[in-house]
2 protein chains.
Amino acid sequence: MAGRPRSFDRDAALGAALEQFWRTGYEETSVAMLTSAMGVTPPSLYAAFGDKRRLFEEASTVYFQRTCEAVDLAAALPSARAAVARVLDDTARAHTDPATPAGCLMLTEPRLEAQREVLRRRLKDRLDQGVRDRDLAASTNTDHLASFLVAVLRGMSGSARDGATTEDLLGIAETAMGAVHQVDRADRVVGD
Amino acid sequence: MAGRPRSFDRDAALGAALEQFWRTGYEETSVAMLTSAMGVTPPSLYAAFGDKRRLFEEASTVYFQRTCEAVDLAAALPSARAAVARVLDDTARAHTDPATPAGCLMLTEPRLEAQREVLRRRLKDRLDQGVRDRDLAASTNTDHLASFLVAVLRGMSGSARDGATTEDLLGIAETAMGAVHQVDRADRVVGD
DNA sequence: GTCAATCAATAGCGATCGCTACAGAATGGA
DNA sequence: TCCATTCTGTAGCGATCGCTATTGATTGAC
């Protein structure tokens, strides 16, 4: 029944595929690049992962779950403002980590729109909680603010791909924080 | 000396190429897609524009000049804050204009990094002028603010490609404005 | 040891990639 | 009119694309 065991570590190969997709994006990554990065021949790749699209989906799911864990960790902070600051700070550092490709696969890859919407939704939920906790102004438009934050994160990812440094991204993050508790100026003055 | 005249309008063909590049990006746009969009056969394309890369450069230069004109128009507004608001508002509308592809070629295409840097520089110059005019706080970090604005514009472009509406982008733009004159909170309170 | 099952590697499929050789059509100058 | 020149379209170049038929190697079950 049981035949010859596979000669490579599936998880390690998946990780290598993720890094390649991360570095060059879905369309620009050829199967030849993947097999080279994974140390696997094409038939093994297709036997283990189906096809290029499914390999990408599996790899991007790993990536997505990592991202969600980081966001959940930040969301656990006591105030919405602190949570947002943490997400922005983490992102600035992660996007320029020399140990990984620049930028963020989830924010850069066109076909991961659904994951971006999930991220947006999580941010909005945390902001809504912040409004209930009264650490954000009651008049805060959390929809706009969440979309704004995703846009900033995405912009940071693009800047990182263009060669921005950690300090550049931290500057963007710090500037973006200026928009977080100031959606309604009357409330801001009162609230402070 | 003069041989057979070309049978197509070069500028019109260039415009069609621009739209195709705008819609699908450089790498994802094949020469076959270009010839189809331009109504021209491959040899005519190569005779008139050199090769795919040079055609892209010519088309993106047209696009870049249009963008610069719009930014210069906004920069002519009396206050830096008004200029930034205008750029954000224009961008929100342009990125969702049904007459053109969603998003912005200059902000989305990886190989147009140099143009993004020029845009960033123009924004920074206008912000510096705003500091000199005292309509921005003296402590404003115009480098960070300019990088932030490019990141937001870029995020808006990506959101538009994901299907965001004009209203979505206007919400992002409005939220981003909250970060413009609030870089230093002490100055903000005094200044208002 | 034998066999069924599962893997790995070579080699190459049809399609598309960016690009061009070639030949015919259309022009202005002599 | 005839030629040099330039454009146009067909047809196809070599390379790469995503993917797979085929074969031989390696395993556990019996």
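Residues numbered from 1 in each chain as written. Chains lettered and ligands numbered in written order. Predicted model: local features only at pLDDT ≥ 70, side-chain atom pairs only at ≥ 80, totals over all residues. Heavy atoms only, no water.

Asker: Even after reading the chapter, I still don't get the packing of helix 9 (residues 166-177) of chain A against helix 8 (residues 142-161) of chain B, so can you show me in this structure?
Answerer: Two packed helices can be described by the angle between their axes and the distance between those axes. The geometry of helix 9 of chain A relative to helix 8 of chain B is characterised by a closest axis approach of 8 Å and an angle of 85 degrees between their N-to-C directions. Here helix 9 of chain A is positioned roughly perpendicular relative to helix 8 of chain B, judged by the angle of their axes. Along its contact with helix 9 of chain A, which presents A:Gly171, A:Ile172, A:Thr175 and A:Ala176, the element helix 8 of chain B presents B:His144, B:Leu145, B:Ser147, B:Phe148 and B:Ala151. For the contact of helix 9 of chain A with helix 8 of chain B, the class distribution of residues is five nonpolar, four polar and no charged. (Axes fitted to C-alpha atoms, helices over the stretch in contact; angles between N-to-C directions. Helix = DSSP H or I, 4+ residues; strand = E, 2+ residues; numbered from the N terminus. Parallel < 35°, antiparallel > 145°, perpendicular 65-115°, else oblique. Contact = heavy atoms within 4.5 Å. Nonpolar A, V, L, I, M, F, W, Y, C, P; charged D, E, K, R; others polar.)

Asker: Please explain the relation of the copies chain B and chain A as it appears in this structure.
Answerer: Each copy of the chain is related to the other by a rotation around an axis and a translation along that axis. Of the two same-sequence chains, chain B is brought onto chain A (RMSD 0.0 Å, axial shift 0.0 Å) by a rotation of 180 degrees. Classification of the inter-copy transformation places it as that of a two-fold axis. The share of interface residues of chain B whose copies in chain A are also at the interface is 100%, consistent with both copies meeting through the same surface. (Least-squares fit on C-alpha atoms with pLDDT ≥ 70 in both.)

Asker: Looking at this structure, how should I read the nonpolar core?
Answerer: A general feature of soluble globular proteins is that nonpolar side chains tend to end up buried together. A:Leu88, A:Phe148 and B:Phe148 are the most contacted members of the largest nonpolar core, which has 108 residues in total. Those residues in contact with A:Leu88 that lie beyond four places of it in its chain are A:Leu149, A:Val152, A:Leu153, A:Met156, A:Ala173, A:Ala176 and A:Met177. (Core = buried A, V, L, I, M, F, W, Y, C linked by side-chain atoms within 4.5 Å. Buried < 20%, exposed > 50% of the residue type's maximum accessible area, 1.4 Å probe, protein only.)

Asker: Looking at this structure, I do not really get the protein's contact with DNA strand D. What am I missing?
Answerer: Taken together, 22 residues are adjacent to DNA strand D, and A:Val31, A:Tyr46, B:Gly3, B:Ser7 and B:Ser44 come closest. Here, DNA strand D places atoms within 4 Å of the protein, and 69% of those atoms are sugar or phosphate. With respect to DNA strand D, the side chain of A:Tyr46 contributes an N or O atom lying 2.9 Å from a phosphate oxygen. Elements represented by at least two residues in the surface near DNA strand D include exactly helix 3 (42-49) of chain A together with helix 3 (42-49) of chain B. Considering every element that reaches the surface near DNA strand D, the biggest residue donor is helix 3 of chain A, with three residues. Considering only residue class, the surface near DNA strand D consists of 10 nonpolar, seven polar and five charged. (Near = heavy atom within 4 Å. Polar contact = N/O pair within 3.5 Å; in protein donor to acceptor, adjacent residues only side chain to side chain.)

Asker: How should the interface of chain B and chain A be read in this particular structure?
Answerer: Often, the extent of an interface is quoted as the loss of accessible area upon association of its parts. Of the residues lining the interface, 28 residues belong to chain B; the matching set on chain A comes to 28 residues. Taken together, the two surfaces of chain B and chain A that pack against each other cover about 2400 Å², and 54% of this comes from carbon and sulfur. A per-residue breakdown of the area chain B buries against chain A is headed by B:Arg154, B:Asp162 and B:Thr175, which together make up 23% of the total. Linking chain B with chain A are four salt bridges, by the criterion used here. Among the salt bridges present, the one from B:Asp162 reaches A:Arg116, with a minimum N-O distance of 2.7 Å. (Buried area = accessible area lost by both parts, 1.4 Å probe. Salt bridge = Lys/Arg side-chain N within 4 Å of Asp/Glu carboxyl O.)

Asker: Sorry if this is basic, but what is going on with the environment of B:Ile172 here?
Answerer: All names here are of chain B. Assignment of secondary structure puts isoleucine 172 in helix 9 (residues 166-177). With a relative accessible area of 1%, isoleucine 172 lands in the buried category. Put simply, isoleucine 172 and glycine 3 are 169 residues apart on the chain and 55 Å apart in space, counted from C-alpha to C-alpha.

Asker: Explain the packing of aromatic side chains to me, please; I cannot follow it from the model alone.
Answerer: Each pair of aromatic rings is reported with the distance of its centres and the angle of its planes. All names here are of chain A. Counting across every chain of the model gives nine aromatic pairs over all chains. Between the aromatic rings of phenylalanine 21 and tyrosine 26, the centroid separation amounts to 5.9 Å while the plane-to-plane angle is 15 degrees, which identifies the pairing as stacked. Centre to centre, the rings of tyrosine 26 and phenylalanine 56 are 5.0 Å apart; their planes meet at 65 degrees, and the pair counts as edge-to-face. Within this pair, whereas tyrosine 26 is found in the loop between helix 1 (10-24) and helix 2 (31-38), its partner phenylalanine 56 is found in helix 4 (residues 52-75), the two being separated by 30 residues in sequence. By the ring-pair criterion, three or more aromatic residues cluster together here, those being Phe21, Tyr26 and Phe56. Arginine 111 extends its terminal NZ or CZ atom over the ring of tyrosine 26, reaching a point 3.8 Å from the ring centre. (Phe/Tyr/Trp six-rings, centres within 6.5 Å; stacked < 30°, edge-to-face > 60°. Lys NZ or Arg CZ within 6 Å of the ring centre and 35° of its normal.)

Asker: It is not clear to me how the pattern of salt bridges should be interpreted in this structure. Could you clarify?
Answerer: Proximity of charged atoms lets side chains of opposite charge pair with each other. All names here are of chain A. Evaluation of the coordinates by the stated rule reveals 26 salt bridges over all chains. Arginine 121 is the partner of aspartate 125 in a salt bridge, and the nearest nitrogen-oxygen pair spans 3.4 Å. Within this pair, aspartate 125 and its partner arginine 121 are both found in helix 7 (residues 113-132), separated by four residues, close to a single helical turn. Where aspartate 128 meets lysine 124, a salt bridge forms, and the shortest distance between an N and an O atom there is 2.9 Å. You can see aspartate 128 and its partner lysine 124 sitting in helix 7, four residues apart, about one turn around the helix.

Asker: What is the right way to look at the side chain of B:Thr142 in this model?
Answerer: Residue and element names in this part refer to chain B. With respect to the secondary-structure elements, threonine 142 resides in helix 8. Within the structure, the side chain of threonine 142 is placed 2.7 Å from the side chain of aspartate 128, a separation counted as a polar contact. Every residue in contact with threonine 142, bar those within four places of it in the chain, is listed here: Lys124, Leu127, Asp128 and Val131.

Asker: Help me understand the confidence of the model for chain A, please; the structure alone is not making it clear to me.
Answerer: Caution applies to low-pLDDT regions: their predicted coordinates should not be interpreted in detail. Within chain A, residue pLDDT values average 92, and 93% of them lie at 70 or more. Considering only residues more than four positions removed or in separate chains, one finds that residues 182-192 of chain A, a stretch of pLDDT under 50, has 20 contacts. (pLDDT = per-residue confidence, 0-100.)

Asker: What's the story with empty space enclosed by the protein in this structure? I'm lost.
Answerer: Gaps left between atoms show up when a probe the size of a water molecule is rolled over them. Overall, the coordinates contain two cavities of 30 Å³ or more when judged by the stated rule. Put simply, the largest cavity is a space of about 40 Å³. If you go around the largest cavity, the residues you meet are A:Val71, A:Ala75, A:Ala83, A:Val84, A:Val87, A:Arg122, A:Leu123 and A:Arg126. Of the residues that constitute the lining of the largest cavity, the class distribution is six nonpolar, no polar and two charged. In this structure, the second largest cavity encloses a volume near 30 Å³. If you go around the second largest cavity, the residues you meet are B:Val84, B:Val87, B:Leu88, B:Leu123, B:Leu149 and B:Leu153. Of all elements in the fold, only helix 5 (80-94) and helix 8 of chain B reach the threshold of two or more residues within the lining of the second largest cavity. With three residues, helix 5 of chain B is the single largest residue contributor to the lining of the second largest cavity. Looking at the lining of the second largest cavity residue by residue, the classes come out as six nonpolar, no polar and no charged. (1 Å grid on protein atoms, 1.4 Å probe; cavity = no way out; pocket = protein on both sides within 12 Å on 5 of 7 lines; lining within 4 Å. Points joined across faces, edges and corners; volume = space filled by probe spheres on them.)

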